[in-house]
Amino acid sequence: MLRLAAYGLRARPLRVVLSALGIAIGIAAMVAVVGTSTSSRAKLDRQLAALGTNLLTVAPGQTLFGEKATLPDQSVAMISRVGPVESVAAIGQLPDAKVYRTNKIPAPQSGGIGTYAVRTDLLNTVGGTVASGTWLNAATAQYPAVVLGAATAEHLGITAASANMQIWLGGRWFTVVGILDPVPLAPELDLGALIGWPAAQRYLGLDADITTVYTRTDPDTVEAVRELLARTANPAQPNEVDVSRPSDALAAQAAAETTFTGLLLGLGAVALLVGGIGVANTMVISVLERRAEIGLRRSLGATRRHIRIQFLTESLLLSVLGGGAGILLGAGATAGYATLQDWPTVVPTWVMAGGITATLIIGGVAGLYPAIRAARVSPTEALAAT
Amino acid sequence: MTSSAEAIVTLREVGREYPGRVTALRDIDLDIYRGELVAIVGPSGSGKTTMLNVMGTLDRPSAGQVLIDGFDIAELSDRELSALRASRIGFVFQHFHLAAGVSVLDNVADGLLYAGTGLRERRERAEAALQRVGLGRRLTHRPHALSGGEKQRTAIARAVVCEPALLLADEPTGALDSQSGEGVMRLLLDLNEIGTTIVVITHEHMVASQLPRQVSMLDGRVVGDRTAVGL
């Protein structure tokens, strides 16, 4: 029966292509949509796996009077004493130490760059990487050395760290010893200029208040630790502490995409429906054109059932051709887009299996009425000599 | 052609009416015996094609009894009639009705498609049938590459590949030039000689006169039944 169906289709190749095209486009759209969203999610998952989801950020919120609160000095020590905590790093913002490219720039044009006093274990804790130069170490933390966040460096027009590269920070020259890559889990650092805590004290005369504590904990206990951190950091006023999990923000991005994906899938389904109508149309015309063939086959001994099955099989074959082409197209489009976006290419098997099932159903439904019509053709009328 | 031969086709008081009071066949009584070569001749509208359709079980009569190869048509279901056609009856049509994109061999093999034979056996028997009709060297050709006479011979091969008890030909030379037409008639005569019962519908008396028995029809009735002596 399959051979027969194939012969039937081979007689009119252009018609086959055009009819199968509708289904191919519908399936391709659905596969591509699911593929790209899965691929982007895979990229995100890889990113999160690399960065870790066990980073918690503790920041002072607001006091009851609406003022910006601060974290007590012992908060770092207290937090590090919580069992599952693996590492703790604090930064303190220095709002009065403005950053300029040179000392000739008027005061108000500080470009929104925040100056932070940081401890040397910060980079490890937030999972940052150095783009140029080096991170602060025990020695440089005591000298007027600064590491710039990625956005800061771009802002100031500095592309590389070197011994000769200096910026005007807090009223004196600091040497740019390093520039960071963007830090996905702590984006506030991207627009930051980071100097060592001892340097802040010695050269700027400032004793920074702790403005944010970053802490890494045992991945299995993240939620539990999150509960206690507020109380640990500020036992007196736990409601003045904000604890957040930066990886949640990244994960939330992925969630926002699902609604969009759903919409596009819906559109793909509509295209598929239209494709099915195209197949039905082709089959109806085919039956009308092939009345003589049907009459002949009946004279050769075909039952009505044989005729029905023949045309139904043709319809299914036509749809499957479209579906197969659609899957290839969709997977190809996914691969192309993913490679362009530097994502891994992931096309879930369920969408391909679903695609084939959908085409079989569409092909069956589309071909049913034409097949029944074909079986009812009267052989004598069909074979009447013209 | 002797009276002791069995009847392949028996029609008793057969009538066929269509909606709108069109009477295609009236009160037909006819017997066709095994091994006969019969022409059914008459002008257009005389009911010849309806007669062929009834004999070939493609159409059921409105009245009367039809027996084909011993089977009473009225007692058979549509599926059983199809099985009968697949194995006992072969058809040849004026316009050949060959499948366009398919080789000559596969066209003929289709004659056994609904008889439950496997692909290889179908092709072997198709090849043998094509040899018999003289087209052994055209197996892989497509119908569009054949002449009219060759197409009809292919159709005849398809009709006889299942070795039917009865071969029904509706105006087999109607679409052919006189030379090809002669060739086809010769082929039918040869097939009859080896024992196939053949009924030829035609409106041409020239064709009919070549056959030993001529049944004349007019307005749905049999008006003459001549068996030529010594033919």
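Our structure's up above, just so we're on the same page.
*Asks:* Would you mind going over the packing of helix α10 (residues 304-340) of chain A against helix α11 (residues 349-375) of chain A in detail, with residue names and values included?
*Replies:* Residue and element names in this part refer to chain A. The contact between α10 and α11 brings their axes to 7 Å, and the two run at 150 degrees. When the axes of α10 and α11 are compared, the pair comes out roughly antiparallel. Crossing of α10 over α11 shows right-handed handedness. Here the contact of α10 with α11 is composed, by residue class, of 18 nonpolar, ten polar and three charged.

*Asks:* Any chance you could break down the sheet that holds strand β4 (residues 63-68) of chain B for me, citing the residues and the numbers?
*Replies:* Spatially, four strands are ordered β2-β1-β4-β5 (chain B) in an open sheet, and the strand pairing comes out antiparallel. Only two strands of the sheet have a single neighbouring strand rather than two, namely β2 (22-33) and β5 (71-72) of chain B.

*Asks:* Which residues make up the packing of helix α2 (residues 13-51) of chain A against α10 of chain A, and what values do they have?
*Replies:* Residues and elements named next belong to chain A. One can describe the packing of α2 onto α10 by two numbers: an axis separation of 6 Å at closest approach and a directional angle of 35 degrees. For the element pair α2 and α10, the recorded crossing hand is right-handed. Class assignment for the residues of the contact of α2 with α10 results in 20 nonpolar, eleven polar and no charged.

*Asks:* Break down unusual backbone geometry for me, citing the residues and quoting the values.
*Replies:* All names here are of chain B. Unlike most non-glycine residues, H97 shows phi in positive territory, near 55 degrees. Within the fold, H97 resides in the loop between β6 (89-92) and α3 (104-109). Classification of H97 by C-beta neighbours within 10 Å gives buried; the count is 22. Located in the positive-phi region is D219, a residue other than glycine, with phi close to 50 degrees. Tracing the backbone shows D219 in the loop between β9 (213-218) and β10 (221-227).

*Asks:* I'd love a proper account of the interface of chain A and chain B, names of residues and values included.
*Replies:* Accessible area lost on assembly of the parts is the figure often given for the size of an interface. Counting from both sides, the interface comprises 17 residues of chain A and, opposite them, 25 residues of chain B. Looking at the side of chain A that touches chain B, the elements that each hand over two or more residues are α1 (2-10), α9 (291-299), α10 and α12 (379-383) of chain A. For the side of chain A that touches chain B, the leading source of residues is α9 of chain A, giving four residues. Residues that form the side of chain A that touches chain B fall into these classes: nine nonpolar, five polar and three charged.

*Asks:* Before we move on, could you go through the sheet that holds β9 of chain B and cite the residues and values that matter?
*Replies:* Residue and element names in this part refer to chain B. In space, the six strands of this open sheet follow the order β6-β7-β8-β3-β9-β10, with mixed pairing throughout. Here the strands that pair on one side only, and so sit at the sheet edges, are β6 and β10. Direction aside, the axes of adjacent strands within the sheet are offset by 20 degrees on average. Strand direction decides the pairing type here: β9 and β10, joined by six bridges, are antiparallel. Opposite R213, over in β10, you have T227 as the bridge partner.

*Asks:* Account for the nonpolar core, naming residues and giving values.
*Replies:* In this structure, V31 of chain A together with A39, I40, V108, L130, A157 and L168 of chain B are the most contacted members of the largest nonpolar core, which totals 110 residues. When neighbours within four sequence positions are excluded, I40 of chain B is seen to be in contact with K48, M51, V199, I201, V215 and M217 of chain B.

Criteria and thresholds
- Residues numbered from 1 in each chain as written.
- Chains lettered and ligands numbered in written order.
- Predicted model: local features only at pLDDT ≥ 70, side-chain atom pairs only at ≥ 80, totals over all residues.
- Axes fitted to C-alpha atoms, helices over the stretch in contact; angles between N-to-C directions.
- Helix = DSSP H or I, 4+ residues; strand = E, 2+ residues; numbered from the N terminus.
- Parallel < 35°, antiparallel > 145°, perpendicular 65-115°, else oblique.
- Left-handed = near helix turned anticlockwise from the far one by under 90°.
- Nonpolar A, V, L, I, M, F, W, Y, C, P; charged D, E, K, R; others polar.
- Pairing = 2+ DSSP bridges.
- Buried ≥ 20, exposed ≤ 12 C-beta atoms within 10 Å, placed from the backbone.
- Contact = placed C-beta atoms within 7 Å.
- Core = buried A, V, L, I, M, F, W, Y, C linked by C-beta atoms within 7 Å.

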